[in-house]
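What the coordinates show
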Amino acid sequence: MEQRIESYRDLKVWQSAMTLAEDCYRFTKEFPRDEIYGMTSQMRRSAVSIAANVAEGYGRENRGSFVQFLRMAQGSLKELETHILLACRVGLLRKDNEIELLLRCEEIGKMMRSLIRTVQAKQAE
C-alpha cells in the first residue's frame, strides 16, 4: 500500500537527506577549529543543500521545476561526496565515517534518480 505524499517531508529522499545532513554536522564537529570556514562549512552547506533543493522543488508545485531542483540536489550530493573524499584524504574524517557517509550518498542518489524518472513519466502523461 502506497503512502500518499502530502508534503516534501513525506518524501523518503528528503528524510534520508536530512539524516545525512545531521550526520555531516555530527562528524564535522570533530574537525579542527581552523576548518570552521573551510571544510566544515563546505560539507555542511552541501549536505543541507540536498534536502533544501528537494523541498524547494516540491514547493514549486510544477513537475518541470521539481525535476530541475532534484537535479540541483544531485549536484549538491556530488559536491558533498567530493568533500567527504577529500576530508578523509587529508585526515579530517575517519575512514569508517567516510564509508558510512558515501554509502548513504549512494542510496540517496539512487532514490533521487528514481524520483526524477517517476516525475518525468508523470509529466509526459
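Residues numbered from 1 in each chain as written. Predicted model: local features only at pLDDT ≥ 70, side-chain atom pairs only at ≥ 80, totals over all residues. Heavy atoms only, no water.

For the protein, the name recorded in an unreviewed UniProt entry is Four helix bundle protein, with Mesorhizobium caraganae as its organism.

**A few points about the overall build of the protein**
In terms of regular secondary structure, the protein is built from four helices and zero strands. Of the regular secondary structure in the protein, the N- to C-terminal order runs α-α-α-α. In terms of overall size, the protein behaves like a compact globule, its C-alpha atoms giving a radius of gyration of 15 Å where 125 residues would be expected to give roughly 14 Å. Dimensions of the protein, computed from the C-alpha atoms along their principal axes, are close to 50 × 25 × 20 Å. Here the protein holds 125 residues, and 42% of them are scored as buried. Taking as baseline every contact in the protein between residues at least 6 positions apart, the subset at least 24 positions apart corresponds to 69%. Charged side chains in the protein number 20 positive and 18 negative. The centres of these two groups are separated by 2 Å. (Helix = DSSP H or I, 4+ residues; strand = E, 2+ residues; numbered from the N terminus. Rg over C-alpha atoms; globule rule 2.2 N^0.38 Å. Buried < 20%, exposed > 50% of the residue type's maximum accessible area, 1.4 Å probe, protein only. Contact = heavy atoms within 4.5 Å. Lys, Arg positive; Asp, Glu negative; His and termini not counted. Charge placed at Lys NZ, Arg CZ, Asp CG, Glu CD.)

**Considerations on the packing of aromatic side chains**
What the rule picks out here adds up to two aromatic pairs. Each ring, one from Y8 and one from W14, has its centre 5.2 Å from the other, and the planes form 75°; the classification is edge-to-face. Among the residues examined, W14 registers a relative accessible area of 14% and is labelled buried. Ring geometry for Y58 versus F66: centroids 5.8 Å apart, planes at 85°, classification edge-to-face. Residue class for Y58 comes out partly exposed when judged on its relative accessible area of 25%. For F66, a relative accessible area of 8% translates into the label buried. The ring centre of Y8 lies 5.5 Å from the NZ or CZ of R9, which sits over that ring. Lying across the ring of F27, R26 places its NZ or CZ 4.7 Å from the centre. (Phe/Tyr/Trp six-rings, centres within 6.5 Å; stacked < 30°, edge-to-face > 60°. Lys NZ or Arg CZ within 6 Å of the ring centre and 35° of its normal.)

**Points about the nonpolar core**
By size, the foremost hydrophobic cluster in this structure holds 33 residues, and its most contacted members are L20, M43, I50, L80, L101 and M112. Take this core: its biggest share by element is eight residues, from helix α3 (residues 63–89). (Core = buried A, V, L, I, M, F, W, Y, C linked by side-chain atoms within 4.5 Å.)

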